[in-house]
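In case you want the letters, here they are:
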Amino acid sequence: MTIVDAHCHVGRGDTLTGPWDVGRLDHYLRRADAAAITHTVLFSVFHGDYLTANRAVARVVASKPERFIGFAFVHPARDAGRVAELVYEAVHQLGFRGLKVHRHDAALTPEIARAADRFGLPVLYDPMGQVAPLELFATEFPRVAFIVPHLGSFADDWTAQRAVIDLLVRLPNVYADTSGVRRFDLLVDAVRRAGPEKLIFGSDGPWLHPGLELTKIKALGLSRRDEQAVLGGTLLQLLSPLGAGRPAAVEAHAR
């Protein structure tokens, strides 16, 4: 079975304010292999220069292209005015398949959404609990797949997570990854209300144990078909071939 971990950091930040600034893959890969995880989406840790950081991630991806999928990290404020240029390099030179944005840097911007639309890339955006603007972005950019990590809040803000479930139900181009969701019944509710095809397995590696995060998905008791959707099927549909433009699944939603 193909199992894709949609959320893993790699590299070294330039501030070293905490453990989240160092993403080593040695322990992660050992644990992921033991859990039979076959593919991993990699993107940078927080960094003062994402152009440099993305190039470093690309070298890691190139070391095991059969295993790793690269996403480009973009800073909404610091990279303003050059996002399309950065994304062009990420896609056509580095071979990346998606974008990562975090509100710790700054809130998602239309410039980033336009670039994602142009190049046919999903956007993994962590809103840190500020969920409401996602409805505007998903509505204004219906051809972009927005994936919300941690069901909207790594900080266990259950109100934000329930709001994300509402978005999953109502908006065809909004998805959520399962990394770091501690209230298991929220995952149960998301499957019941929005369907398993709207959830995407992620671990938030290397800091969270990928095997433990995978166990939560196994515990949902899904059919083999539905479990495969969560464990990689949906994400792989959203990833366009290199340089091929918009994913067919998202294009269909826009019609």
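So, a few notes on the structure that sits alongside this text. Worth saying up front: this structure is predicted, and the values here are computed from it rather than measured. (Residues numbered from 1 in each chain as written. Predicted model: local features only at pLDDT ≥ 70, side-chain atom pairs only at ≥ 80, totals over all residues. Heavy atoms only, no water.)

### Some remarks on the environment of V169
Turning to step 1, where the next piece is worked out: Within the fold, V169 resides in helix 6 (residues 158–170).
Turning to step 2, where the next piece is worked out: For the pair V169 and G195, spaced 26 residues apart in sequence, the C-alpha to C-alpha distance is 8.1 Å.
Turning to step 3, where the next piece is worked out: V169 has contacts with R193 and A194, leaving out every residue within four places of it along the chain. (Helix = DSSP H or I, 4+ residues; strand = E, 2+ residues; numbered from the N terminus. Contact = heavy atoms within 4.5 Å.)

### Some thoughts on the nonpolar core
One broad trend across soluble globular proteins is that nonpolar side chains are buried collectively.
Turning to step 1, where the next piece is worked out: Counting 63 residues, the largest nonpolar core has L99, V123, F146, L151, L168 and L199 as its most contacted members.
Turning to step 2, where the next piece is worked out: For V123, the residues in contact, after removing those within four places along its chain, are L99, V101, L108, A116, V144, A145, F146 and I147.
Turning to step 3, where the next piece is worked out: Counting 18 residues, the second largest nonpolar core, distinct from the first, contains F46, F73, I147 and Y175. (Core = buried A, V, L, I, M, F, W, Y, C linked by side-chain atoms within 4.5 Å. Buried < 20%, exposed > 50% of the residue type's maximum accessible area, 1.4 Å probe, protein only.)

### Observations regarding the sheet that holds strand 7 (residues 146–148)
Note: strands within a sheet are paired through backbone hydrogen bonds, in either parallel or antiparallel orientation.
Turning to step 1, where the next piece is worked out: Pairing is mixed in the open sheet, where nine strands are placed in the order 2-1-3-4-5-6-7-8-9. Only two strands of the sheet have a single partner each, and these edge strands are strand 2 (22–23) and strand 9 (199–200).
Turning to step 2, where the next piece is worked out: Of the strand pairs in this sheet, strand 8 (residues 174–177) and strand 9 are connected by two bridges, and their pairing is parallel. By the bridge assignment for strand 9, D177 is matched with I200. (Pairing = 2+ DSSP bridges.)

### As for the side chain of T40
Turning to step 1, where the next piece is worked out: Along the polypeptide, T40 turns up in strand 3 (residues 39–44).
Turning to step 2, where the next piece is worked out: When its relative accessible area of 0% is taken as the criterion, T40 is described as buried.

### Re the pairing of strand 5 (residues 98–102)
Turning to step 1, where the next piece is worked out: In terms of residue burial, strand 5 counts as a mostly covered element, since five of its five residues are buried.
Turning to step 2, where the next piece is worked out: Neither face of strand 5 is exposed, since G98, K100 and H102 on one face and L99 and V101 on the opposite face are all buried.
Turning to step 3, where the next piece is worked out: Relative to strand 5, strand 4 (residues 68–73) is paired through three bridges, and the arrangement is parallel. Pairing of A72 across the sheet is with L99, part of strand 5.
Turning to step 4, where the next piece is worked out: You can see the chain leave strand 4, run along helix 3 (residues 83–92) and come back into strand 5, and the turn it takes is right-handed. (Right-handed = clockwise from strand over helix to strand, strands pointing away.)

### Overview of the packing of aromatic side chains
Both the distance between ring centres and the angle between the ring planes are used here to describe each pair of aromatic rings.
Turning to step 1, where the next piece is worked out: Applying the stated criterion across every chain yields a total of six aromatic pairs.
Turning to step 2, where the next piece is worked out: Seen from their ring centres, F46 and F73 are 6.1 Å apart, and the 50° between their planes marks the pair as tilted. One end of the pair, F46, is in the loop between strand 3 and helix 2 (50–63); the other, F73, is in strand 4, and 27 residues separate them in sequence. As far as burial versus exposure is concerned, F46 and F73 are alike and both buried.
Turning to step 3, where the next piece is worked out: Between Y50 and F73, the ring centres sit 4.4 Å apart and the planes meet at 5°, which makes this aromatic pair stacked. Of this pair, Y50 sits in helix 2 while F73 is found in strand 4, placing the two residues 23 residues apart along the sequence. In this pair, the class of Y50 matches that of F73, namely buried.
Turning to step 4, where the next piece is worked out: Cluster of aromatic residues (ring-pair linked, three or more members): F43, F46, Y50 and F73.
Turning to step 5, where the next piece is worked out: Over the face of the ring belonging to F154 we find R182, whose NZ or CZ atom lies 5.7 Å from the ring centre. (Phe/Tyr/Trp six-rings, centres within 6.5 Å; stacked < 30°, edge-to-face > 60°. Lys NZ or Arg CZ within 6 Å of the ring centre and 35° of its normal.)

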